[in-house]
Amino acid sequence: MLSRGPGRFGRVGDRRVVLQPFELTGALGALPDDLDVAIWDGTGSPPDGVVERVDFYVMPYTFATVTAEVIAAMPELRIVQTLTAGVEHVLPFLRDGLTLCNARGVHDASTAELAVALTLASLRGIPEYVRAQDDRRWEHGLRPSLADRTVLVVGYGSVGVAVERRLVPFECDVLRVARRARDGVAGYEALPSLLARADVVVLTVPLTEQTRGMVDAEFLSRMRDGALLVNVARGPVVDTDALVAELRAGRLSAALDVTDPEPPPPDHPLWSAPGVLMSPHVGGNTSAFLPRATRLVRDQLERYASGEPLANVVTWRPR
Ligand SMILES: NC(=O)c1ccc[n+]([C@@H]2O[C@H](COP(=O)([O-])OP(=O)(O)OC[C@H]3O[C@@H](n4cnc5c(N)ncnc54)[C@H](OP(=O)(O)O)[C@@H]3O)[C@@H](O)[C@H]2O)c1
């Protein structure tokens with residue numbers, strides 16, 4: 001049993017605390033003697049007397065901004081572990097001396113699965129079939145197949161690699177682009193020419209200063225007529241107004257797990273734009289999350305306890 005000392009939600013005196021969102025079942029390597037474990041899943045306030053003593057904070061997966069804000073109230077904090085792959089929501093609350101680790105890898109299977117599901121659904125017209133079924137209409141017609149299409153994966157990291165692995169059995173060609181060119185992966189500068197070759201463009205980049213607004217009117221204009229944009233990265237990577245203009249012109253279609261704004265307000269043009277399929281930012285929010293998140297947290301706490309370097313350390317600039 002991991003929790004020790006005076007209880008999960010009670011005061012923990014002057015001992016250091018690991019604050020995490022769920023219990024870890026099973027044995028864990030010994031933690032230092034002066035360390036307690038407390039649980040906070042992001043609902044309500046953190047347990048009494050804990051915030052002042054937190055040394056290692058595993059942020060809950062949900063309530064991203066609220067649970068990130070708590071960092072500012074943790075004077076003894078040394079390590080922040082997110083359960084998201086993206087960390088842009090945490091950066092404003094970091095300070096010098098903190099180590100930030102993300103959940104790279106935890107969401108790969110689930111997010112890549114959704115990227116492929118959105119791609120297949122859009123190409124094959126599943127949303128139209130569902131609407132037709134609701135109206136008892138039998139709408140037979142020709143649709144593009146994923147087979148023989150060229151898919152460009154923009155961001156060839158943990159999620160991008162997982163997307164490609166799932167695309168390959170569909171008999172499509174996959175092109176890859178990342179920041180830096182390497183064997184089989186083009187560098188950022190090759191993006192314009194690659195866009196002109198792709199039938200489907202899947203975004204799997206982090207939200208950074210470089211990628212914010214990366215998919216602007218010029219990026220979209222380089223995409224082929226009839227091409228599909230799939231965004232499982234972050235909403236602000238795409239200039240929404242520029243995308244809506246292309247959708248309304250009927251030149252491109254889009255499948256978006258993430259949007260800007262998110263969620264779009266009820267009167268936002270994205271809701272009614274032609275050729276758009278949206279899911280409510282659920283790339284990682286599936287049954288695949290808990291087992292993988294638990295493995296990561298366990299592994300990190302064992303590293304921490306034994307003094308080994310932590311995994312998934314993110315380089316960030318102190319503010
Ligand atoms: N929809 C969801 O629920 C969901 C779930 C999980 C993740 N995500 C999003 O997916 C992002 C990626 O996660 P990950 O774990 O795959 O990250 P990662 O392993 O760090 O990979 C990021 C990739 O993006 C590339 N990249 C960064 N800036 C780029 C740019 N300007 N142009 C082209 N490529 C660029 C990197 O290039 P290099 O390899 O050259 O460094 C790397 O290949 C996360 O940050 C998160 O925002 C969304």
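See the structure shown above.
This write-up is about the structure you can find in this document. Every value quoted in this text rests on a predicted model; they were computed, and no experiment measured them.

### Here we look at the nonpolar core
One finds Leu152, Val154, Val201, Leu203, Phe219, Met223 and Leu229 to be the most contacted residues of the largest nonpolar core, which totals 32 residues. Of all the secondary-structure elements, those providing two or more residues to this core are strand 6 (150–154), strand 7 (173–177), helix 5 (191–195), strand 8 (200–203), helix 6 (217–222), helix 7 (240–249) and strand 10 (253–256). Take this core: its biggest share by element is four residues, from helix 7. In terms of nonpolar packing, the next biggest core, distinct from the first, is built from 23 residues, Leu114, Ala115, Val163 and Leu277 among them.

### Quick notes on the site of the ligand
Around the ligand there are 27 residues in total, and Arg104, Ser158, Val159, Arg179 and Arg182 lie nearest to it. Here Arg182 contributes a side-chain N or O atom positioned 2.8 Å from an oxygen atom of the ligand. Within the backbone of Gly284, a nitrogen or oxygen atom sits 3.3 Å from an oxygen atom of the ligand. The fraction of the free accessible surface of the ligand (930 Å²) that becomes covered by protein chains is 92%. Its residues assigned to classes, the shell around the ligand shows nine nonpolar, twelve polar and six charged.

### Concerning the pairing of strand 8
Of the two faces of strand 8, both are covered, the one formed by Val200 and Val202 as well as the one formed by Val201 and Leu203. Relative to strand 8, strand 6 runs parallel, the two sharing four bridges. Its bridge partner lying in strand 8, Val151 is registered against Val200. The sheet contact formed by strand 8 and strand 9 (residues 228–231) spans four bridges and is parallel. In the strand pairing of strand 9, Val202 is matched with Val230. Once you follow strand 8 into helix 6 and on to strand 9, the crossover reads as right-handed.

### Notes on the layout of surface pockets
Quantified by volume, the second largest pocket comes out at close to 460 Å³. Contributing to the lining of the second largest pocket are 25 residues, with Ser122, Glu128, Arg143, Ser253 and Gly275 lying nearest its centre. Contributing elements (two or more residues each) for the lining of the second largest pocket: helix 2 (108–124), helix 3 (126–134) and strand 11 (276–278). For the lining of the second largest pocket, the per-class residue count stands at 13 nonpolar, five polar and seven charged.

Reading guide: rules and limits
- Residues numbered from 1 in each chain as written.
- Predicted model: local features only at pLDDT ≥ 70, side-chain atom pairs only at ≥ 80, totals over all residues.
- Heavy atoms only, no water.
- Core = buried A, V, L, I, M, F, W, Y, C linked by side-chain atoms within 4.5 Å.
- Buried < 20%, exposed > 50% of the residue type's maximum accessible area, 1.4 Å probe, protein only.
- Helix = DSSP H or I, 4+ residues; strand = E, 2+ residues; numbered from the N terminus.
- Near = heavy atom within 4 Å.
- Polar contact = N/O pair within 3.5 Å; in protein donor to acceptor, adjacent residues only side chain to side chain.
- Areas by Shrake-Rupley, 256 points an atom, 1.4 Å probe, with all protein chains shown as cover.
- Nonpolar A, V, L, I, M, F, W, Y, C, P; charged D, E, K, R; others polar.
- Pairing = 2+ DSSP bridges.
- Right-handed = clockwise from strand over helix to strand, strands pointing away.
- 1 Å grid on protein atoms, 1.4 Å probe; cavity = no way out; pocket = protein on both sides within 12 Å on 5 of 7 lines; lining within 4 Å.
- Points joined across faces, edges and corners; volume = space filled by probe spheres on them.

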